[in-house]
Amino acid sequence: MNHVVVVGAGLAGVRSVEALRAHGFGGAITLIGEEPHRPYDRPPLSKAVLLGEIDSTVVDSDLGALAVDHRPGVAAKGLRAGVLETTEGELAYDALVIATGASPIRLRGEGPQHVLRTIDDALALRALLRQGRRVAVVGAGWIGAEVATAARRAGCEVTVVEAAECPLAAALGPVGTHTAPWYDRAGIDLRTGTMVASVDPGGLTLVDGSTVEADVVVTGIGVRPSVDWLAGSGIELDDGVVTDEHLRTALPGVVAVGDCAAWWSRRYGRRLRVEHWDTALNSPEVAAATLLGGPGDGAVYDPVPYFWSEQFGHMVQYAGHHAGARLVMRGDPAGTRWSACWVTGEGTLAAVLAVNLPRDLMQGRRLIEGGQHLDVDRLADPAVALRDCTAV
């Protein structure tokens, strides 16, 4: 194998380059990315960048020292065995890493709407967040909450419109209800169970015919994996690039990492696709081992998914995957420090949510990794450390 092409120059892409070199690959590496920038981190975009604390999130990686041919402003158009089709022509490869991430979903309508996915998005939106501006945020998920936090801190009048019955419904289910009071305390008009018909000049038109007047509209209703360019390639697609537990795709010599990869999890017995920094950071290590074989051959990617959010003065952290598990609350969610645990039918911890409780998050994540059986009565007592909730 003489030439590896990495498609996508975000964090997952640059970490793939680093992992290949760390595993001893000495051949040519080409890194292409649709954006004109050097690789950068995305989590700070909705946090420090939007709050005006920093202007750049460039990843600290020396592409020159890594001897990588970085080609910014180049997008993938198609793929066939051994050949990548790009906006600058065909590129032959011996192995390929798909790291094209995801793209934000936009609403219907002729009015201007902002999304938050790139550094350019963040800087453009930040310039609009000014004292007294009316800002309408569509979606009370992770990004919507962080945008609302930044807009309110900038002195904007903020309305958040959410189709579900509570914030974070898609991520946390009914537990998201406990975050609704944060909006009220921040002076934000939160409207749940409310659907948007269109984005129009001057604001939003809702399904019931009413309107929300706004100077700035931000759409934060999720993303879709950027995989359209793979149609007809032989790569299996199903809410992302389908891979096995080694991150291999259906096409020999091709792996997928980061937001666009839908990998098989042994731990949870299902396919997962996680759109968070932790996945982009760590999946390339397994992908590189899979491509190069040798001592790392057979490496399995089966993490405990992890992500965090900073909203309304709260540090919110989540680890695991809780679908089908039983909810056990720890502490009073009306307070500032509480957590929620989800327990499987076998009595092991499936997931943990920690609000301003990093200790619960850290200990809970270890319990998930270890698969220990729990004493649910002790688990429900916030005075008992999570590490001490294992069954005798």
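Our structure is the block above this text.
Values in this document were obtained by computation on a predicted structure and should not be read as measured data.

**Describing the overall build of the chain**
Looking only at helices and strands, the chain has 8 helices and 25 strands in total. Computed over the C-alpha atoms, the radius of gyration of the chain is 22 Å, within 12% of the 21 Å expected from 2.2 N^0.38 for a compact globule of 392 residues. The C-alpha extent of the chain, read off along each of the three principal axes, is 60 × 60 × 35 Å. Going through the 392 residues of the chain one by one, you find that 53% of them count as buried. Considering only intrachain contacts with a sequence separation of at least 6, the fraction spanning at least 24 residues in the chain is 60%. Positive and negative side-chain charges in the chain, numbering 34 and 47 respectively, have mean positions lying 3 Å apart.

**Structural notes on helix α7 (residues 358-370)**
Counted at 1.5 Å a residue, the expected span for α7 with its 13 residues is 18 Å, and the 18 Å between its end C-alpha atoms agrees. Listing the buried residues of α7 in full gives Asp360, Leu361, Gln363, Gly364, Leu367 and Ile368. Contact partners of the buried residues in α7: β21 (306-311), β22 (314-320), β23 (326-330), β24 (338-343) and β25 (349-355).

**What to know about the pairing of strand β2 (residues 28-33)**
Counting buried positions along β2 yields 5 of 6 residues, so the element is predominantly enclosed. Judged from the 5 bridges that link them, strand β1 (residues 3-7) and β2 form a sheet pairing that is parallel. If you follow Val4 over to β2, its bridge partner there is Ile29. Handedness of the crossover is the feature at issue here: the chain leaves β1, passes through helix α1 (residues 11-22), returns alongside β2, and the resulting connection is right-handed. Pairing of β2 with strand β3 (residues 68-72) involves 5 bridges; the strand directions are parallel. Opposite Gly33, over in β3, you have Pro72 as the bridge partner.

**Remarks on the pattern of salt bridges**
This structure, assessed with the given rule, holds 17 salt bridges. Arg134 is the salt-bridge partner of Asp215, the closest N and O atoms lying 2.9 Å from each other. On the criterion of sequence distance, the pair formed by Asp215 in the loop between β14 (211-213) and β15 (216-219) and Arg134 in strand β9 (residues 134-138) is long-range, its members being 81 residues apart. Accessibility expressed as a relative area gives 42% for Asp215, which makes it partly exposed. Using a relative accessible area of 29% as the deciding quantity, one classes Arg134 as partly exposed. Where Asp278 meets Arg365, a salt bridge forms, and the shortest distance between an N and an O atom there is 3.2 Å. Of this pair, Asp278 sits in helix α6 (residues 277-292) while Arg365 sits in helix α7; the two residues are 87 residues apart in sequence, bridging distant segments of the chain. We classify Asp278 as buried; its relative accessible area is 11%. With relative accessibility at 22%, the residue Arg365 sits in the partly exposed group. Salt bridges linked by common partners bring Arg80, Glu85 and Glu90 together as one network.

**Regarding the nonpolar core**
Of all hydrophobic cores here, the largest spans 50 residues; its most connected members are Val352 and Leu379. Not counting the four nearest positions on each side in its chain, Val352 is found in contact with Gln317, Tyr318, Ala319, Ala340, Cys341, Trp342, Asp360, Leu361, Gly364, Arg365, Ile368 and Leu386. Core analysis: the next-biggest nonpolar cluster, separate from the first, contains 39 residues, Leu50, Leu116, Ala145 and Ala340 among them.

**Some remarks on a positive patch on the surface**
On the surface, Arg337, Arg359, Arg366 and Arg387 cluster together into a patch of positive charge. Along the chain, Arg359 falls in helix α7. Under the relative-accessibility criterion, Arg359 is labelled partly exposed at 45%.

**Quick look at the sheet that holds strand β19 (residues 261-265)**
Across the sheet, 3 strands lie side by side as β17-β19-β20; this open sheet has mixed pairing. Because the sheet does not close on itself, it has two edges, and the strands there are β17 (241-242) and β20 (270-272). Sheet analysis places β17 next to β19, joined by 2 bridges and oriented parallel. Residue Val241 lies in a different strand from β19, and its bridge partner there is Ala261.

**Focus on the sheet that holds strand β12 (residues 196-200)**
Reading across the sheet, the 3 strands line up as β12-β13-β14 and stay open at both edges, with antiparallel pairing between neighbours. The sheet is open, and its two edges are formed by β12 and β14, each paired on a single side. With strand direction ignored, the average angle separating the axes of adjacent strands in the sheet is 20 degrees. Where β12 and strand β13 (residues 203-206) come together, 4 bridges link them in antiparallel fashion. Bridging from a neighbouring strand, Val196 pairs with Leu206 of β13.

**What about the pairing of strand β6 (residues 89-92)?**
With 4 bridges connecting them, strand β5 (residues 83-86) and β6 associate as antiparallel partners. By the bridge assignment, Leu84 is partnered in β6 with Leu91. Linking β5 to β6, which pair antiparallel, is a turn of 2 residues.

**A look at the layout of surface pockets**
Here the second largest pocket is characterised by a volume of approximately 190 Å³. If you go around the second largest pocket, you meet 13 residues; those closest to its centre are Arg267, Tyr268, Thr344, Thr348 and Ala350. For the lining of the second largest pocket, the class distribution of residues is 6 nonpolar, 5 polar and 2 charged.

**Digging into the environment of Val376**
Of note, Val376 is situated in helix α8 (residues 376-379). A C-alpha to C-alpha distance of 7.8 Å links Val376 and Val328, two positions 48 residues apart in sequence. Here Val376 is in contact with Arg326 and Val328, once residues within four sequence places are set aside.

What counts and what doesn't
Residues numbered from 1 in each chain as written. Predicted model: local features only at pLDDT ≥ 70, side-chain atom pairs only at ≥ 80, totals over all residues. Heavy atoms only, no water. Helix = DSSP H or I, 4+ residues; strand = E, 2+ residues; numbered from the N terminus. Rg over C-alpha atoms; globule rule 2.2 N^0.38 Å. Buried < 20%, exposed > 50% of the residue type's maximum accessible area, 1.4 Å probe, protein only. Contact = heavy atoms within 4.5 Å. Lys, Arg positive; Asp, Glu negative; His and termini not counted. Charge placed at Lys NZ, Arg CZ, Asp CG, Glu CD. Expected span 1.5 Å × (residues − 1). Pairing = 2+ DSSP bridges. Right-handed = clockwise from strand over helix to strand, strands pointing away. Salt bridge = Lys/Arg side-chain N within 4 Å of Asp/Glu carboxyl O. Core = buried A, V, L, I, M, F, W, Y, C linked by side-chain atoms within 4.5 Å. Patch = residues over 30% accessible without salt bridge, like charges linked within 9 Å, V, L, I, M, F, W, Y side chains within 5 Å. Areas by Shrake-Rupley, 256 points an atom, 1.4 Å probe, with all protein chains shown as cover. Axes fitted to C-alpha atoms, helices over the stretch in contact; angles between N-to-C directions. 1 Å grid on protein atoms, 1.4 Å probe; cavity = no way out; pocket = protein on both sides within 12 Å on 5 of 7 lines; lining within 4 Å. Points joined across faces, edges and corners; volume = space filled by probe spheres on them. Nonpolar A, V, L, I, M, F, W, Y, C, P; charged D, E, K, R; others polar.

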